[in-house]
Amino acid sequence: MKDNNNSHASIANLPTPGAPATHPASSACATCPAHNAGNLLKLGVDMTDWDYVVALAGNPNTGKSTVFNALTGLRQHTGNWPGKTVTRAEGGFSYSDKRFKLVDLPGTYSLLSTSLDEEVARDFLLFGQPDVTIIVVDATRLERNLNLALQVLEITDRAVICLNLMDEARRHGLTVDDRRLARDLGVPVVPTAARQGEGLNELLQAVSDVASGETVCKPHRVKTESSAIQSALTTLVAQIQRAFPNVPNARWVALRLLDGDQRIADAIRSGELGDLQRQSPEAAQDLVLRLEAA
C-alpha cells in the first residue's frame, strides 16, 4: 500500500473550538511524535511526509467507518495488513498545519487476541504506538462499548473518545454526560453525529491537542485484581520496567503475560518489544530467562 500526495483531505480551514479541559503538557518532549516509524513500516504504514499517525478503533456498528470517511473525505487506500487476510484502510487529513495519517483498525469487541482481527488491532496499538487513538463508541450502547475502550486505555495513554451516534441517543431520549465521562476515563470525550458532520471540528481539535502534547491524558486503569495477582503484577511490572525503561504500558504487558498471552511472550523473547525504545540488555535477558523457566 503506497501513499501519494493526493491521499489526504485538506480540512485545515475548519474552526478550532476549545479543547476539553485536561492537563497541560509538562515538558517540551511531550510535543514530539510518539509513533514508532520503524515498527509502523513493518506493519505496512509508511510515515514519509506525515507528521502524526492516528489509529481508529471501535466495536462494529458504532459508525467507525462513517467517522473515517468524514475525516478523510473518502481519499483513502485499502489493502491487507502484511501477511494477513485482514483488510486495512488508510487515509489522511491536514489540520493546524500538520499532516495526520489515519489508519482504520478492524472493528473488534476486545483486544484479547482471540481472533485475527483482535490480534491486528492490538499489535498496531502496541508496536506502532500511534500518536493518538480515536476510540469510537456508540452513545446508545455505551456500557457495552466501554469494554473495548478500557482495554485500549490499558495499552496507550494517548486517546480520544469519539462519542458517536449522539443523534440516535437524542432520538431515544438518552442523555450522556460527556464531561463526567471525560473525568472518569481521563481522556478527552467528544460527542459526535458523524453522519451529519456534528462534532467533527471538536474531534479534530482534540486529536491535534493530544498528538502535539498540548493535552496530556491520564487514562483510567481498572484495578480489581486479587491480592495474589496484585503481588505478581508488582514483581513482574518492576522486571519489565528494568528491561524496557519507560515502557508506557508495563502493567498491561504484565497482565497479558500472566494471562499466558503467547504473542507478548514471543515479543519479549525475540526482542520485538525492545524495539519500541532503548532497552537494558541485561535486564531484558533476565526477563527472557524467567519466561523460559515459566
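The residue count restarts for each chain, going from 1 along the sequence in the order it is written. Per-residue local features are limited, in this predicted model, to residues with pLDDT of at least 70; the limit for side-chain atom pairs, both in listing and counting, is 80 or more; totals at the level of whole chains, interfaces and linings are taken over all residues. By convention in this description, side-chain values take in all heavy atoms of the structure and omit both hydrogens and water.

Summarising the element assignment, N59 is placed in the loop between β3 (52–58) and α2 (64–72). For every residue, the accessible area (1.4 Å probe, protein chains only) is compared with the maximum for its type, and the residue is labelled buried under 20%, exposed over 50%, or partly exposed between those bounds. Since its relative accessible area comes to 2%, N59 is described here as buried. Note: C-alpha distance between N59 and T108 (49 residues apart in sequence) is 4.9 Å. Contacts of N59, omitting those with residues within four sequence positions, involve T108, Y109, V136, R144, N145 and L148. Think of a polar contact as two N or O atoms within 3.5 Å of one another; within protein, one of them needs to be a possible hydrogen donor and the other a possible acceptor, and neighboring residues in sequence only count if both atoms come from side chains. Within polar-contact distance, the side chain of N59 engages the backbone oxygen of T108 at 2.8 Å. To qualify as a helix, a DSSP run of H or I must reach at least 4 residues; to qualify as a strand, a run of E must reach at least 2; elements of each kind are numbered from the N terminus. The contact rule is simple, with two residues in contact once any of their heavy atoms fall within 4.5 Å.

Pairing of aromatic side chains requires ring centres within 6.5 Å, counting the rings of Phe and Tyr and the six-membered ring of Trp. Pairs whose planes differ by under 30 degrees are stacked, by over 60 edge-to-face, and all others tilted. Across all of its chains, the model carries 3 aromatic pairs by this definition. Here the aromatic rings of W81 and F124 are separated by 5.5 Å at their centres, their planes lie at 70°, and the arrangement is edge-to-face. Taken together, the positions of W81 in the loop between β4 (76–80) and β5 (87–95) and F124 in helix α3 (residues 116–128) put the pair 43 residues apart, joining distant regions of the chain. The same class applies to W81 and to F124, which are both buried. Seen from their ring centres, F93 and F100 are 5.1 Å apart, and the 10° between their planes marks the pair as stacked.

What follows is about the pattern of salt bridges. As a working rule, side chains carrying opposite charge can pair if their charged atoms are close by. The salt bridge definition used is simple: a Lys or Arg side-chain nitrogen within 4 Å of an Asp or Glu carboxyl oxygen. Summed over the entire model, instances satisfying the criterion amount to 14 salt bridges. With a shortest N-O distance of 3.2 Å, E119 and K84 are connected by a salt bridge. One end of the pair, E119, is in helix α3; the other, K84, is in the loop between β4 and β5, with 35 residues separating them in the sequence. A salt bridge links D123 to R122, with the nearest nitrogen and oxygen atoms 3.0 Å apart. Shared partners join several salt bridges into a network, and the residues in it are R122, D123, R256 and D261.

Low pLDDT marks stretches whose predicted atomic positions should not be read closely. Looking at any residue, its pLDDT shows the predictor's confidence there, from 0 to 100. When the pLDDT values of the chain are averaged, the result is 82; 80% of them are 70 or greater. Throughout residues 1–28 the model reports pLDDT below 50, and contacts reaching past four residues in sequence, or to other chains, amount to 69 contacts. When the criterion is pLDDT under 50, residues 276–281 qualifies, and its contacts beyond four places in sequence or with other chains add up to 19 contacts.

This part takes up the side chain of S110. Tracing the backbone shows S110 in the loop between β6 (98–104) and α3. Taking relative accessible area as the criterion, S110 reaches 10% and is therefore assigned buried. Reaching out from S110, the side chain makes a polar contact with the backbone nitrogen of L112 at a distance of 3.5 Å. Polar side-chain contacts of S110 include one of 3.1 Å to the side chain of E118. When residues no more than four places from it in sequence are discounted, the contact partners of S110 are E118, N147, L148 and Q151.

Let us now look at α3. Here α3 is 13 residues long and its end C-alpha atoms lie 17 Å apart, about the 18 Å a rise of 1.5 Å per residue gives. Most of α3 is tucked away, with 10 of its 13 residues classed as buried. By the burial criterion, the buried members of α3 are E118, V120, A121, R122, D123, F124, L125, L126, F127 and G128. Backbone geometry just after α3 places Q129 at a positive phi near 45°. Here, expected helix span is obtained from the residue count minus one, scaled by 1.5 Å.

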